[in-house]
Amino acid sequence: MILPTKTGNLFVLNRLTGEPVYPVEQVKVSTDGIKGEQYAATQPVSSLNFIPQPLTEKSMWGITPFDQMSCRADFRELRYDGNPWTPPTEKGSLIFPGNIGVFNWGSVAVDPQRQMLIAAPVRLAYKYNLIKRTPETETQRTFTKDGAPYWNENFHGDYAIHIQQLASGLGIPCIAPPWGRMVGVDLKTGKTEWLRRLVTPKT
């Protein structure tokens, strides 16, 4: 049984016992988040994973110097623990990979004869801002000028959340492309057999 996750893990489990086929390690993460919330002290990481390398200020990218400077300014202002489990905050957190994940609902495909897994991991960063709910806004829905919901409502919860891609003023992601790849993994060995960039074909 294979379970792909938004953080980039590929958990490969014995379907009869639930035991990992490839080792899973518990790594320490920060428990310093919103007051009153309980955070896990560790998170599982499979030895078979496509968790992207941590971002740094130097990772910030742009098609112009202005874009890059804008992205670097955002990076400095946002909380980022260097891993996918950075807690969202009211002041703003950088979540990488973001809410669309490395693997999303599209999941992965498996060739059972060749024991090959085919997947399309994504790498995009997002800004998360928690918005404290009040009795006045408990069930209030807010929209942008375009008519889209301004935040993820979480009605009757303590917080709503505003999610926005980490992008320059031009709407271009703050990390260099490629933002998506296609990979082939040999499930007999756990090795990536091939990796291809996903690009827009020329017309």
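So, a few notes on the structure that sits alongside this text. Please read all numbers here as calculations on a predicted model, not as lab measurements.

Attention shifts here to the packing of aromatic side chains. Under the counting rule described, the total for this entry stands at 3 aromatic pairs. Judged by centre distance (6.3 Å) and plane angle (70°), the rings of Trp61 and Trp179 are edge-to-face. Of the two residues, Trp61 is situated in the loop between strand S4 (42-46) and helix H1 (65-77) and Trp179 in the loop between strand S9 (159-165) and strand S10 (181-186); the sequence distance between them amounts to 118 residues. The partly exposed category is assigned to Trp179, whose relative accessible area is 28%. Measuring from centroid to centroid gives 5.9 Å for Phe75 and Tyr80, while their planes differ by 65°, and the two rings are edge-to-face. Take Phe75 and Tyr80: they sit in the same class, and that class is buried. When the ring centre of Trp105 is taken as origin, the NZ or CZ atom of Lys6, which lies over that ring, is 4.5 Å away.

So, about the environment of Met116. In this fold, Met116 is placed in strand S7 (residues 116-119). What makes Met116 buried here is its relative accessible area of 9%. Once the C-alpha coordinates of Met116 and Asp186 are considered, the two residues, 70 residues apart in sequence, prove to be 4.8 Å apart. When residues no more than four places from it in sequence are discounted, the contact partners of Met116 are Ala109, Val110, Asp111, Gly184, Val185, Asp186, Leu187, Glu193 and Trp194.

Approximately 160 Å³ is the volume attributed to the largest pocket. Lining the largest pocket are Phe50, Ile51, Pro52, Val102, Pro121, Val122, Arg123, Arg181, Val183 and Leu195. When its residues are assigned to classes, the lining of the largest pocket shows 8 nonpolar, no polar and 2 charged.

Cut-off values and rules
Residues numbered from 1 in each chain as written. Predicted model: local features only at pLDDT ≥ 70, side-chain atom pairs only at ≥ 80, totals over all residues. Heavy atoms only, no water. Phe/Tyr/Trp six-rings, centres within 6.5 Å; stacked < 30°, edge-to-face > 60°. Helix = DSSP H or I, 4+ residues; strand = E, 2+ residues; numbered from the N terminus. Buried < 20%, exposed > 50% of the residue type's maximum accessible area, 1.4 Å probe, protein only. Lys NZ or Arg CZ within 6 Å of the ring centre and 35° of its normal. Contact = heavy atoms within 4.5 Å. 1 Å grid on protein atoms, 1.4 Å probe; cavity = no way out; pocket = protein on both sides within 12 Å on 5 of 7 lines; lining within 4 Å. Points joined across faces, edges and corners; volume = space filled by probe spheres on them. Nonpolar A, V, L, I, M, F, W, Y, C, P; charged D, E, K, R; others polar.

All we've got here are geometric facts, nothing functional implied.
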